[in-house]
Each structure stands twice: as C-alpha cells, then as structure tokens.
Amino acid sequence: MKILKNTFLIITLLFATLINLMCSNNSKKKWPTNGWTYSSPKVQLMNLDSLERLSAKLSSGDLGYIDGMLVIRNGEIIFEKSYSNPYDSLFKSTKTAPGKYNYYDSEWHPFYKNTNLHTLQSVSKSFTAAAIGIAIKNGIIPNIHAKLSNYLSDPNIDDDLKDAITIKDILTMTTGIKWDEVSMPYTDTSSSCVKMEASENWVQYVLNQPMIFKPGEKWEYSSGATMLLSHIITEASGQDLAKYLEKNLFNILGIKDYFWKHTPTGLTDAEGGLYLTPKDLAKFGYLYLNNGKWEGTQVLPHNWVSLNTDNPIDTPWPALKYGYQWWLMPYGDGKITLLASGLGGQRLLVIPEYNIVAVFTGWNVYDKEALDSWWTMNRLINSVIQK
C-alpha cells in the first residue's frame, strides 16, 4: 500500500510539473495584444545589414511606390521602416473623378482619409476565410461542405452545377463560375471585379454569372467568390461580417482601429475593403503562425491553418499555390510560406520555419509591378543567421 501511495504521489508531482511547464512556456511567448515589443535583429539572429539593404531597395523607387516594411521574429519587432510617396499629386495627374473605388483617389488609397490605416485590398480575403473558420468553430456553420444554396433567401438556383457549390469551393476559388479579373489591370472596366464593384448588388452580380466548370474542378481567382463568403457569414450569424470579426477576432487580438468598406446594399466588402495599420495586420499573421491560438485561446479551429496548407491548389503561376483565401509559397524541402496578398503591393508573409511575420505595404497601381512576393520571401530567409 505504501508503494502504491508513493507511486501515486510521484505521478501527481510529474503531472503538476508538466502543467507548470506548459503554463510557463505559454507565458514566455510574446503576445502583442496590447502592442508589440521590440528587439534587435542581432538578438533574434537576423542580419541587420541584409535587412537594411532590402529597405534601401524598397525606398529607392526602383520597385515603385512602397510605403513600409515591418519584420517580426520570435514575437518581437526587429525592423520597421516607412517611406513617403506623392499620392496626392499622382491622383491629380490622372484627372479622374474621386470615389472610394477609384484606386487612384488618394482620399481612399492607399491610406484612409489621411489616417495611418492602410488599404489591404485582397488581404481582406484572408480575414474573410478566418471568419468562416470561426463560424464553424462557433457552430453556426456546420462545416466547409455546407452548400451555398443553404444561405440564399431564394435557394432555387436554376443550375444544377451552381446548386452544388460548397463553402470549400468558394474558399479555394474553385466555384466554376465564369470570372476574369487577372488578365487585365484592376483599372480596366472589362474586369469582372470592376463590373461587380460598379453594380448595385454584388452578390447577385456574382450569382448571375454562368457556370463554365464543375465546382471544385478548376481554380480561377475571383473576388466575387469572396463576396459570397461575406453573404454566408451575414446569413449564418445575423451580423455584418465586419461586426462579426470585430467581436470574434479583432477584440481578441487587440485590434481597436480599423475601417471596412461596404457595398451599396450594406454588405461588408470582404474581397478588398479592409484597412488596418501594418502592426495590426501583423497580429493576424502571428495568429496563423501560432496555428490559430492566441494567449491560450483557440480562436480558429485547431486544424484550420493546416487545412490551408495540406493540399495546395495549383495556380497559373508555378511558384504560387492556393489554400483557403491564402496564397502559399512552397520552398526548400517541403517548407511553405503563407502569403496574404493585395493589389498595389500589400504583402503579409508568415514563414513558420523561421518564426517570421513580415508586412510590406505600397501602392503600385501606376507604372510599376507590385512587390514580388517570392523575391521578398527569399530576401527575408537569406537574412536569417544560421546557428
């Protein structure tokens, strides 16, 4: 009996020690809910000269209009720079009418009405996907295989293919709906996205387009697909997408200041309407770096990040794959970087292998290509000091 008591005591002590270690490890992790802390590249084993050279290239103008560079490693900011650009004079030179969907209008792009809130453009799509994950975790959407028609007020879709579209098809941009927004600039009025943004009812515009593939059969980049997700969240939660994420994501991450455009019918512009500061955008990347967990709370489903990366979808660009409204950049021996990317050079890179989150902002909608994500990722990786 004495041996059994001693054994039980030892097991109890070991269990308590394990719990203490787990709690200690969680408390040691840096959580930027109330603001990021700062460290140095040297302490976090990154080469300052390499980061300075990258920054100098960004500020030179050779890569167009870049606004900022923010690099975080091991949960602390190690490099931060901003660069100024003459957006007001550039807008005036276009002689175009002002408006929130005129991408030259400096009142709206890239900064929101002279604040430090920066347009994220299609990075907004990654936030929308997170909303779907949270809704599944909260039990208001059953799973990613739920059908789109379940969330339409008039579910009688006169097309068997369209009726078969699932949330997963929408997340992965494989709806089969005819769409083209990548073969021309976003300032071209023939773009499906531009036509949608000029319409009164964006969701109806998307649903009115014909099916040209079976759902799940072919990838086609579509901002219209993301608007369907916005509609689904509103129908499932009874809340506007922006308000749903404010409660279930932003408040948890400590994001207090944001702006989100809305469509003429009042629906959140999920495909490109979000504005955040770079530091708050980095918090979202940090959430994904930590597999959807924040200060001990599982914000996203426990497998949501891995679902993004486990079965990447091929795109027309060999270096880029696609997940759930995230781009994926495979490199090395089975490694992968998550990329949230937006018009004009908005880039959020999450590099799990090196515990790096990086944000780059800009506004290349004029005569320069947007920042090359693959090139940028490699510059960051090459800045890491190998032990």
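Going by the structure above, here's the rest.
These remarks concern the structure in this document. (Residues numbered from 1 in each chain as written. Predicted model: local features only at pLDDT ≥ 70, side-chain atom pairs only at ≥ 80, totals over all residues. Heavy atoms only, no water.)

## So, helix H11 (residues 278-289)
For step 1, the next point in the chain: The end-to-end C-alpha distance of H11, which contains 12 residues, comes to 16 Å, matching closely the 16 Å that a straight helix rising 1.5 Å per residue would cover.
For step 2, the next point in the chain: Counting buried residues in H11 gives 10 out of 12 residues, a clear majority hidden from the surface.
For step 3, the next point in the chain: Looking at H11, one finds that the buried residues are Asp-280, Leu-281, Ala-282, Lys-283, Phe-284, Gly-285, Tyr-286, Leu-287, Tyr-288 and Leu-289. (Helix = DSSP H or I, 4+ residues; strand = E, 2+ residues; numbered from the N terminus. Expected span 1.5 Å × (residues − 1). Buried < 20%, exposed > 50% of the residue type's maximum accessible area, 1.4 Å probe, protein only.)

## Quick look at the side chain of Thr-337
For step 1, the next point in the chain: Counting through the fold element by element, Thr-337 comes out in strand E12 (residues 335-342).
For step 2, the next point in the chain: By relative accessible area, which is 0% here, Thr-337 ends up buried.
For step 3, the next point in the chain: Thr-337 has contacts with Trp-327, Leu-328, Met-329, Tyr-331, Leu-349, Val-350, Ile-351 and Met-377, leaving out every residue within four places of it along the chain. (Contact = heavy atoms within 4.5 Å.)

## A short note on the packing of aromatic side chains
Centre distance and the angle of the planes are the two values used to describe a pair of aromatic rings.
For step 1, the next point in the chain: One pass over the full model with this rule turns up 29 aromatic pairs.
For step 2, the next point in the chain: Relative to Trp-327, the ring of Trp-219 lies with its centre 5.6 Å away and its plane at 65°, an arrangement referred to as edge-to-face. With Trp-219 in the loop between helix H8 (202-207) and helix H9 (223-237) and Trp-327 in strand E11 (residues 327-331), the pair connects residues that are 108 residues apart, well separated along the chain.
For step 3, the next point in the chain: The class of Trp-219 is buried, set by a relative accessible area of 9%.
For step 4, the next point in the chain: With a centroid separation of 5.8 Å and 25° between ring planes, the pair formed by Phe-284 and Trp-326 is classed as stacked. Pair noted here: Phe-284 is in helix H11 and Trp-326 is in the loop between strand E10 (321-322) and E11, with a separation of 42 residues, a long-range link.
For step 5, the next point in the chain: Residue Trp-326 is classed as buried on the basis of its relative accessible area, which comes to 0%.
For step 6, the next point in the chain: In this structure, Lys-261 is placed above the aromatic ring of Tyr-101, and the distance from its NZ or CZ to the ring centre is 4.3 Å. (Phe/Tyr/Trp six-rings, centres within 6.5 Å; stacked < 30°, edge-to-face > 60°. Lys NZ or Arg CZ within 6 Å of the ring centre and 35° of its normal.)

## Focus: the sheet that holds strand E13 (residues 346-351)
For step 1, the next point in the chain: Pairing within the open sheet is mixed, and its 9 strands lie in the order E1-E3-E2-E14-E13-E12-E11-E10-E9. Both edges of this open sheet fall to strand E1 (37-38) and strand E9 (313-314), since each of them pairs with a single strand only.
For step 2, the next point in the chain: In this structure, E9 lies alongside E10, joined through 2 bridges in antiparallel fashion. Its bridge partner being in E10, Asp-314 is matched across the sheet by Lys-321.
For step 3, the next point in the chain: Each of E1, strand E2 (66-73), strand E3 (76-82), E12, E13 and strand E14 (356-362) is contacted by H11, which is oriented at about 145° to E14, the strand it contacts most. (Pairing = 2+ DSSP bridges. Axes fitted to C-alpha atoms, helices over the stretch in contact; angles between N-to-C directions.)

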